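# Observations on chain architecture
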Amino acid sequence: MTMWWDLLKEDTEQVILREIEKEGGALGMKNLREVVPDEDKLKSTLDDMINQGKIFVHEDGIYYHNINPKTKWKKVVPVVIVWAAWLLWTS
């Protein structure tokens, strides 16, 4: 059974993700405070999202998603292999 506070939290997560997406995939705390004015709610939601792997924090304090530094090469390497194979085949 979903509790009402879980729905509010999910809504806050969606607001944060939507704002990050709107800003091009990365966003600072200043911008996040504008969309979620409750500081405690914002920080607890961000901590939960980081722990779940939904968003990541750069060393500069910028929040971002879809670019996990540990897995980004898994997406790039197959593209490079296909490109190299195409170059060899067309030469």
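The rules behind the values
- Residues numbered from 1 in each chain as written.
- Predicted model: local features only at pLDDT ≥ 70, side-chain atom pairs only at ≥ 80, totals over all residues.
- Heavy atoms only, no water.
- Helix = DSSP H or I, 4+ residues; strand = E, 2+ residues; numbered from the N terminus.
- Contact = heavy atoms within 4.5 Å.
- Areas by Shrake-Rupley, 256 points an atom, 1.4 Å probe, with all protein chains shown as cover.
- pLDDT = per-residue confidence, 0-100.
- Pairing = 2+ DSSP bridges.

Below, the discussion takes up the overall build of the protein. Within the protein, the secondary structure is distributed over four helices and three strands. Reading the helices (α) and strands (β) of the protein from amino to carboxyl end gives α-β-α-α-β-β-α. Within the protein, counting contacts between residues at least 6 apart in sequence, those at least 24 apart form 49% of the total. For the protein, the computed accessible surface area is about 7000 Å², with 60% contributed by carbon and sulfur atoms.

It should be kept in mind that the predicted coordinates are not to be read in detail where pLDDT is low. Scored by pLDDT, the protein has a mean of 75; 68% of the residues are at 70 or more. Mean pLDDT values for the elements of the protein range from 64 in helix H4 (residues 72–90) up to 90 in helix H3 (residues 39–52).

This part covers the sheet that holds strand S2 (residues 56–57). The strand order across the open sheet built from three strands is S1-S3-S2, with neighbouring strands paired in antiparallel fashion. The sheet is open, and its two edges are formed by strand S1 (26–27) and S2, each paired on a single side. Sheet topology places S2 next to strand S3 (residues 63–64); two bridges connect them, and they run antiparallel. Note that in S3 the partner of Val57 across the bridge is Tyr63.

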